[in-house]
Every structure is written in C-alpha cells, then in structure tokens.
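Fold and geometry: a report
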There are 2 protein chains.
Amino acid sequence: MLTERQRMILNAIVDDYIRSAEPVGSRSISKRGDVGYSPATIRNEMADLEELGFLEQPHTSAGRIPSHKGYRYYVDHLVSLNSIKPSEIQVIKSFLTEKLNAMEQVIQHAGTVLSQMTSYTSILLGPEVFNTSLRHFQLLPLNENRAVAIIVTSTGQVENKPVSIPAGVSMSDLEKVVNILNSKLVGVPLYKLKSRLYSEIAQEMQKNVSHYEEMLQLLDATLDSEQRDQKVFLSGTTNMLTQPEFKDIDKVKDILDLLEETPTLLKMMSESSKSSGIQVRIGTENTHEAIANCSLITATYSLDGEAVGTIGILGPTRMEYARVISILDIISKNMSTILSRFV
Amino acid sequence: MLTERQRMILNAIVDDYIRSAEPVGSRSISKRGDVGYSPATIRNEMADLEELGFLEQPHTSAGRIPSHKGYRYYVDHLVSLNSIKPSEIQVIKSFLTEKLNAMEQVIQHAGTVLSQMTSYTSILLGPEVFNTSLRHFQLLPLNENRAVAIIVTSTGQVENKPVSIPAGVSMSDLEKVVNILNSKLVGVPLYKLKSRLYSEIAQEMQKNVSHYEEMLQLLDATLDSEQRDQKVFLSGTTNMLTQPEFKDIDKVKDILDLLEETPTLLKMMSESSKSSGIQVRIGTENTHEAIANCSLITATYSLDGEAVGTIGILGPTRMEYARVISILDIISKNMSTILSRFV
DNA sequence: GTTAGCACTCAACTCATGCGAGTGCTAACG
DNA sequence: CGTTAGCACTCGCATGAGTTGAGTGCTAAC
C-alpha cells in the first residue's frame, strides 16, 4: 500500500537511524545519493508516512524516527540480507568448526561468537529433550542417606541430581533397580522415561525389590523431565550498556534483571520457537515491559531435521536487523551441522 | 596515634557517609547526639584528620568524605560488629537450613541470601579439590569415537568431560580400565589422582590393556585437576546499578565486565583466601582498576576444619562494613556446618 | 581548649538568550 | 500536477549570568 517512493524513503530513514541513533531529517535523506528528491518533497512524504503510523516525531522541529510499525515494515519488506561479508562468514565458520566435543561447549561458543559479532546480547537455549534418549542411568550412594542419580543422554550430556535414600533400602536394592532401569530404558527418549517407568518397570520392581513403593517414588522424582532444566546460556549482557538508548541506568537495570530470571527467559524464548525460521519480535511485540524498547530476533537449530533449541539476539529496537538476521541464520545452520555429529 | 575525639569524629563521618553517600559537614556531625562539640571544634579536628590522610574534600566548601586510609582505620579499629539483629540471624539460619542436598545448591543458595541481605554483589567460589576424594569413575562410550568421562566426588559433585576414544581401542579395553581405576583410586583425594595414575595404575594397565599408551594419555587429560574448573557463583550483580556512586554507566560497565571474567574473579578471590578469617580489601588495595572504587570483603568456609572455599561481597567502598562483615561471618560458619554433612 | 562570628568558596540551580536543525505551508515553476 | 524554493515558525539544547546555600577557614572572644 506504500508507493515505491515512500518505501525508498522509509528504508533510508530506518537505515540512517540505525546507524546514528538520532532523529533523521529531510535534508540528510535528500543528500544521500539514492533518493533523488529535494528536502521539501521528502518532507511531504515523511508527513504522509507519519500519518500512516510508520514514523514518529520526538517533538516538532526534530527529525523523524521509525515507529514499531515502521520497523516491522522494514523487517518484513525492505531489509536486504546480503549485507554480510563473505570474509565474516568465514570467521564464523572457523570459530565454530574448532574442535568442540560437547554439545554445551558448542552452544556456549556459538553464543560468544553471536554476541561478539553483533555487539548485542545473545540468549541461547540448550536442546530440548525430545530428541535425546537415555544412554545410561546410575545411582551412586554417597553415604547411608544420600546418593547421586546420574543420567547420561545419547548426546553426551550428563545430568545429575542428589537424592535421599529411603530408610531401609539396601545397597543391593539400589543395584537391582539400576540394573533393571538400564536393561529396560536405555534408548528410550527422555520425555518418555516417566511413563515407561510405570508401564514397564513398576511390575518388575514389585517382584524383585523390597521397599518397592519408596523406590518408585524416588525414581519418579529423578526422571521427571519437567524438572530437568533446559539451560539458558547468556553472552554479552554488558553490551546492553553500550547502546545510547540505554544510557539511563534504570532502564538498563530492568533489562539486566530480566536477563537474570531464567524461567522468564525460557518462556520468552520458547514462545517464538514454535514456528521455525527466523522470528523478529519488535518492541512491545515482546510481552515484557522491561524490553519494550528492545527487539528479540530468534532462530532455531535442529538435530536430525527437527528443531530442538533456540538461539536469539536481544538488542535495542534500533537494531542492525540485516546483519543480525544474516548472522543468526548462518550460526543456527552451522550449529545444526556441528551438533549432528553428536547424535 | 589518633586522639579519642578524633576517632569519635572519624567514626561519625564514616557512618554518616555510608548512610547518605554525601560529603559530611561539621554541622551535621555536631548535631548528632554522640559528639558533644560545636561545629567549629569539629572543623578543626576535621582539618587535622584531612592532613593525616583519613579524610578528603571533593572541593573547598564541600563536606569531607573518608579516604581509603580512613575506611581502613574504620574497619580495623572503629567498626562495631553487633549491628545485626538476632531476628536477621534467624532469617539467615532458616534460609540455609532448608533441606538442600547438594553442595552446589548450598553454595548457590548462600550466594542468593548474601546478595539479598546486603544489596551488594556476592561472589562465591566452589570448594577446592583438596579435601574431596574420588567416589566413582566411569567412561561411557557414546559412539565409536566419543565417550563421556564421569567423575563423582565424595561430596556428591559430578563432573563430566567429553573425550575422544583413540582409534583401535575396544569396548572391553575401556571396561578394563574403568575397573582398574575404580578398584585402585576410589577414596584418593582428587589432587593426587594424576600422580597415582602413574605410580600405581600405569603398570597394571600395561599388563592388561592393549593400546596402553593412548589410554594413559586419555586418562591423563581426564584426571587433570588443573583443568577441573573451580566454579564461580555470582548473585545480585545488578545490585551494583543501584549504588549512587555507579550512576555513571561507564564505571559500572567496567565492573560488570570484570564480573563476567571467571578466571580474573578466581584469581581475585583466591588471593585473599590464603589467610583465614574475614578479609577486607578497600579500593585500590584491589589490584583491578575497574573496582578501584569498590571494596571486597571475603571469608572462607571450611570442610573438616580446613578452609576449602571463599565467599565474598563486592560493593562500593562506601559499604556497610559492620553489617556485611557480620553477615559474611554468620553465613560462612553456617555453610561450614551444613557442608560437613556432605563429607 | 572551645566556640561564636564572619568572610569566603564553589557546586548546583534557575533563568534568559541565542542558535540551529528541522518542520509545515505557500507560491512558483516546468 | 508533481516538484521545489523560500520563509516563518517551533523547540531542544548549549551558553552564560545571577542566586542560593552548604560548608569551610580564620580570628577573636570566652
């Protein structure tokens, strides 16, 4: 519904504002080579664009800045993604191809690369449990009352959880249980563990193990995949402090506080992970007030062709969308490739 | 070397400044009940204290603020530690007595309590390896090339490390090695593992295991206690942003950047862990420039009577020393008590 | 030794002023 | 009719002068 000229001008304004963080005036647009009109003409168009809701004016006699709607249009229709140099792609690849031999290492490393290349904050979610299965289970007694339950997944992740041993349970009971679980549950996807516990293991345990009830309860708690915490990796949080729009310490504090709340982050990130591909949530499209002036761009990485984790970049709404989207795309694809080695 | 009256006045100034963060004038000191002198007298003493280096003046016609030397004297001679209410002690105890069944949980929890009660940033170091011994060792192959090495310590900590399996090594080789290690090394302190590997295990392996050389190399890397990273737990980093002296975003960025550098933190914290008891490092006594306006107060917690870890509070030099020292003392002692359950 | 009094200092606040970047509108131009 | 030059107008911001007030240092008196 915008004319070609309006699109050109909107594009120029967004580009300029992303670079300078200052309201953009008609003169400076006119002086750019790519729009061959006088300031007056551009002023007319800018007035129209403001009326349509794509631009805002901080005050009369200041230039225009893009509104959220303006950014949205820019991202959806105008942004050109070829802005990233081949040499930079090479850098990313070389950083991620380094020999990294655990999933967590890969993810953490990807986060560092992301935040360093963009100068924004990166938020990465570890892989979800859907595609990983049990590789090994172990219950190691530490003393009479306490033990560590260890779960090793097919991707080489090790999770451990301290548990209390119910009174009266003997070492040999524990051993029996561990053997039963390993013989029956290895190879089972993690999220199915708990239901299998009841459908297959319970009977067997009832036959062979004393204190059946208590042990079952213990295992139930141990295998609970809800509690199995999806890890959140942050990198470059202090980059927020360098953005001119966050020179106000109170705003930045709200953002940093939000970043420390793992559950909130998890929710925020997984909201956007449902549909695949790259997602851009601009300003108030994010539900949290603290980041009303931020944009969150997310992508997913996959394992075996299925999206299992989310990586994202948080920055000001005035964000280098083209660059960030490109980098996010490259990194997510590279991660998928590298992680496939671990299956 | 200070007269009693000078000490009184210095004490009053430091107390006032800690509360208000504003330079303290002679009049306000005089009006406090505890110093029965007129502003003029106090001004004279203040001039002397400044000459002696205990006070500073931001500019003529402003009040005085304590110098680093002034804080130092305050901490060493003046601070009264009974400032903490019994009810608060009860709060701490109840928070730390909650059933926590892993060392890491205890430490993390203690950090949260510390930062919340003080409104500063807490930095806690996990226990050093000296006092913990091997509980169990395991090598779990994931596929032909890769495996996870799992080390469980006597305190219930689980560490894991991905390793590559040398070409040609068979599953049964791995099993043999694991058995040898478990039979010979369980109960050995972690820091001795590596030397024992060569003194006791090497021979045995040479007899029974093929690909002896490669396996030894693999184990050497796995058991390396240097690489075993001592974990750093941070809590309340954003509390820094609420301090009026750090309203300047650049200063605070340097501090937050420092807090993200785990190795630097480790070094910083362990410097002070050598001598036991509570240590206060004021301003430039800290070697890092970023925290030249901060004070770091540290204490150690112990296991079996021996200091194994450090807990600390980082805040502005204008810190509530009395309160922080008291709280740190209580929490470190409580941690020692609780952690003793895990040995 | 202590204190009242007073002149002095200096950051911080307020207010008027001018500047300049930028706009909106109108009229003229091709 | 779309485009543009010209001009009056707006308003944030920087500058500088004037004022205030908290606080000092010094001197002289108690």
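Since the model is a prediction, treat every value here as computed from it, not as a measurement.

1. Re the protein's contact with DNA strand D
Taken together, 19 residues lie around DNA strand D, and R5(A), T41(A), S61(A), S26(B) and R43(B) are the ones closest in. S26(B) has a polar side-chain atom sitting 2.7 Å from a phosphate oxygen of DNA strand D. Between DNA strand D and R43(B) there is a distance of 3.0 Å, counted from a base nitrogen to a side-chain nitrogen or oxygen. Elements with a minimum of two residues in the surface near DNA strand D: α3 (39-51) of chain A together with α3 (39-51) of chain B. Looking at the surface near DNA strand D element by element, the count peaks at four residues for α3(A). Class assignment of the residues belonging to the surface near DNA strand D gives a composition of four nonpolar, 11 polar and four charged.

2. Some details on the domain arrangement of chain A
Residues and elements named next belong to chain A. Assigned domains of chain A: these are domain 1 (4-78), domain 2 (86-128 + 230-340) and domain 3 (132-223). Tallying the contact residues gives eight residues for domain 1 and 13 residues for domain 2. The three residues of domain 1 that bury the most area against domain 2 are I18, H68 and R72, which together make up 53% of that side's buried surface. Scanning the region where domain 1 abuts domain 2 turns up four residue pairs in polar contact (both at pLDDT 80 or more).

3. Describing the protein's contact with DNA strand C
Residues in close proximity to DNA strand C total 19 residues, the closest being S26(A), R64(A), R5(B), T41(B) and S61(B). Backbone sugar and phosphate groups make up 69% of those atoms of DNA strand C lying within 4 Å of the protein. Here R64(A) contributes a side-chain N or O atom positioned 3.0 Å from a phosphate oxygen of DNA strand C. One of the backbone nitrogen or oxygen atoms of S38(B) is found 3.2 Å away from a phosphate oxygen of DNA strand C. Of all the elements in the fold, those that place two or more residues in the surface near DNA strand C are α3 of chain A together with α3 of chain B.

4. Quick look at the sheet that holds strand β5 (residues 146-153) of chain A
Residue and element names in this part refer to chain A. A sheet is described by the order of its strands in space; here three strands give the open sequence β4-β5-β6, paired in antiparallel fashion. Strands at the two margins of the open sheet, each flanked by one partner only, are β4 (134-141) and β6 (158-164). Across the sheet, the axes of successive neighbouring strands diverge by a mean angle of 15°, strand direction being ignored. Across the sheet, helix α9 (residues 212-223) lies against β4, β5 and β6, angled at about 145° from β6, the strand it touches most.

5. So, unusual backbone geometry
All names here are of chain A. Residue A21 is not a glycine yet carries a positive backbone phi of 65°. A positive phi angle, close to 60°, is found at S119, a residue other than glycine. Structurally, S119 is set in the loop between α6 (103-118) and β3 (121-125).

6. With respect to the packing of aromatic side chains
Residues and elements named next belong to chain A. Using the criterion set out here, one finds six aromatic pairs over all chains in the structure. Between F54 and Y73, the ring centres sit 5.4 Å apart and the planes meet at 75°, which makes this aromatic pair edge-to-face. Residue F54 is located in the loop between α3 and β1 (55-56), and its partner Y73 is located in helix α4 (residues 68-78); the two are separated by 19 residues in the primary sequence. Their ring planes at 50° and their centres at 5.9 Å tell us that Y71 and Y321 sit as a pair that is tilted. Remark: Y321 occurs in helix α12 (residues 321-340) and Y71 occurs in helix α4; sequence separation between them is 250 residues.

7. Let's talk about the interface of chain A and chain B
Between chain A and chain B, the contact holds 37 residues from the first and 37 residues from the second. Of all residues in chain A, R146(A), L241(A) and I249(A) give up the largest surface area on contact with chain B, accounting jointly for 18% of the area buried on that side. The interface formed by chain A and chain B holds zero salt bridges in total. At the junction of chain A and chain B, the tally comes to four residue pairs in polar contact (both at pLDDT 80 or more). Looking at the side of chain A that touches chain B, the elements with two or more residues in it are β4, β5, β6 and α10 (249-260) of chain A. With six residues, α10(A) is the largest single contributor of residues to the side of chain A that touches chain B. The residue inventory of the side of chain A that touches chain B, partitioned by class, reads 15 nonpolar, 15 polar and seven charged.

About the criteria used
- Residues numbered from 1 in each chain as written.
- Chains lettered and ligands numbered in written order.
- Predicted model: local features only at pLDDT ≥ 70, side-chain atom pairs only at ≥ 80, totals over all residues.
- Heavy atoms only, no water.
- Near = heavy atom within 4 Å.
- Polar contact = N/O pair within 3.5 Å; in protein donor to acceptor, adjacent residues only side chain to side chain.
- Helix = DSSP H or I, 4+ residues; strand = E, 2+ residues; numbered from the N terminus.
- Nonpolar A, V, L, I, M, F, W, Y, C, P; charged D, E, K, R; others polar.
- Domains from an automatic or database assignment.
- Contact = heavy atoms within 4.5 Å.
- Buried area = accessible area lost by both parts, 1.4 Å probe.
- Pairing = 2+ DSSP bridges.
- Axes fitted to C-alpha atoms, helices over the stretch in contact; angles between N-to-C directions.
- Phe/Tyr/Trp six-rings, centres within 6.5 Å; stacked < 30°, edge-to-face > 60°.
- Salt bridge = Lys/Arg side-chain N within 4 Å of Asp/Glu carboxyl O.

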